[in-house]
Amino acid sequence: MALRLGDVAPNFKAQTTSGEIDLYEYLGNGWGVLFSHPADYTPVCTTELGKTALLGEEFAKRNVKVLAVSVDPIDKHEGWVKDINETQNTTVNFPLIADPDRTVSTLYDMIHPNASATATVRSLFIIGPDKLVKLIITYPASTGRNFLEVIRVIDSLQLTAGYSVATPADWKAGEDVIVVPAVSTEDAIKKFPKGVKVVKPYLRYTPQPNL
Ligand code: BEZ
């Protein structure tokens, strides 16, 4: 059955461009982003992996480790990484999983047969330090993902984990956040010393607490 939010992210061992990796060991106590792409040496995928590499410091700052996966073999990944580095002006600094036998793709339901019988779609999973799935997105092969949006979601998830707040539509880091419904307004006033703006009893804002 397909994975859903809150499910345990299945562990696996896989061959990667950084040697054999055990997912849980690789992630340690941090966060993870596992994402699939349809195929090596394709244009949209080249830009996606380049962008992910360019955002390496942003992921590291947030204690997030990244892994990419496709059904291509390791030698193909290695050749393609050189092209990504050259064309996207970056250095790919995260492992690419080679999944020719589809172990990882099957565990994470990354092959959608009505889209392509063989290639992985653009699936992306954010995995929390508790190894639970926090976000699932799936894009078609023809649309490159927005990796700044992935960072934005990680910021939101980390705020929720640390401070019992949620983030409103189109929220950007630095803007006010929302007090979660589970916290009463009385408790919120004690918990958030920067102030609580009550628009409705169920709609309460507070400045981003970790700034
Ligand atoms: C691409 O990465 O450019 C791509 C891959 C498969 C289908 C269409 C585009």
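Our structure's up above, just so we're on the same page.
Computed from a prediction, not measured in an experiment: that's the story for all the values here. (Residues numbered from 1 in each chain as written. Predicted model: local features only at pLDDT ≥ 70, side-chain atom pairs only at ≥ 80, totals over all residues. Heavy atoms only, no water.)

Remarks on the overall build of the chain
Okay, step 1: Counting its secondary structure elements, the chain contains 7 helices and 11 strands.
Okay, step 2: Referenced to the eigenvectors of the C-alpha coordinate spread, the extents of the chain come out at roughly 60 × 40 × 30 Å.
Okay, step 3: Scored against the burial criterion, the 211 residues of the chain give a buried share of 45%.
Okay, step 4: In the chain, of all internal contacts separated by at least 6 residues, the share reaching a separation of at least 24 is 64%.
Okay, step 5: Within the structure as shown, the chain displays about 10,700 Å² of accessible surface, and the carbon and sulfur contribution to it stands at 54%. (Helix = DSSP H or I, 4+ residues; strand = E, 2+ residues; numbered from the N terminus. Buried < 20%, exposed > 50% of the residue type's maximum accessible area, 1.4 Å probe, protein only. Contact = heavy atoms within 4.5 Å. Areas by Shrake-Rupley, 256 points an atom, 1.4 Å probe, with all protein chains shown as cover.)

What to know about helix H4 (residues 74–88)
Helical periodicity: at 3.6 residues per turn, an α-helix aligns residues three or four positions apart in one direction.
Okay, step 1: With 15 residues, H4 ought to run about 21 Å at 1.5 Å a step, and its terminal C-alpha atoms sit 20 Å apart, in line with that.
Okay, step 2: The set of residues buried in H4 consists of His77, Gly79, Trp80, Val81 and Ile84.
Okay, step 3: Along its buried surface, H4 packs onto helix H2 (43–54), strand E4 (64–70) and strand E5 (96–98).
Okay, step 4: Two residues or fewer after H4 comes Asn89, characterised by a positive phi angle close to 50°. (Expected span 1.5 Å × (residues − 1).)

Let's talk about the site of the ligand
Okay, step 1: Every residue near the ligand is listed here: Pro38, Thr42, Pro43, Val44, Cys45, Arg122 and Ala141.
Okay, step 2: A distance of 3.0 Å separates an oxygen atom of the ligand from a polar side-chain atom of Thr42.
Okay, step 3: Cys45 places a polar main-chain atom, nitrogen or oxygen, 2.9 Å from an oxygen atom of the ligand.
Okay, step 4: Per-element tally for the shell around the ligand: the top contributor is H2, with 3 residues.
Okay, step 5: Tallied by class, the residues present in the shell around the ligand amount to 5 nonpolar, 1 polar and 1 charged. (Near = heavy atom within 4 Å. Polar contact = N/O pair within 3.5 Å; in protein donor to acceptor, adjacent residues only side chain to side chain. Nonpolar A, V, L, I, M, F, W, Y, C, P; charged D, E, K, R; others polar.)

Comments concerning the nonpolar core
Okay, step 1: The biggest cluster of nonpolar side chains holds 26 residues, and the ones touching the most others in it are Val33, Phe35, Phe59, Phe94 and Ile126.
Okay, step 2: Residue assignment for this core shows that the elements contributing at least two residues are strand E3 (31–36), H2, E4, H4, strand E6 (122–127) and helix H6 (147–163).
Okay, step 3: Per-element tally for this core: the top contributor is H6, with 6 residues.
Okay, step 4: When near neighbours in sequence (up to four residues on either side) are disregarded, Phe35 contacts Leu49, Thr52, Val66, Leu67, Ala68, Val69, Phe94, Ser123, Leu124, Arg145 and Phe147.
Okay, step 5: In this structure, Leu3, Ile97, Val104 and Tyr108 belong to the second largest nonpolar core, which totals 18 residues. (Core = buried A, V, L, I, M, F, W, Y, C linked by side-chain atoms within 4.5 Å.)

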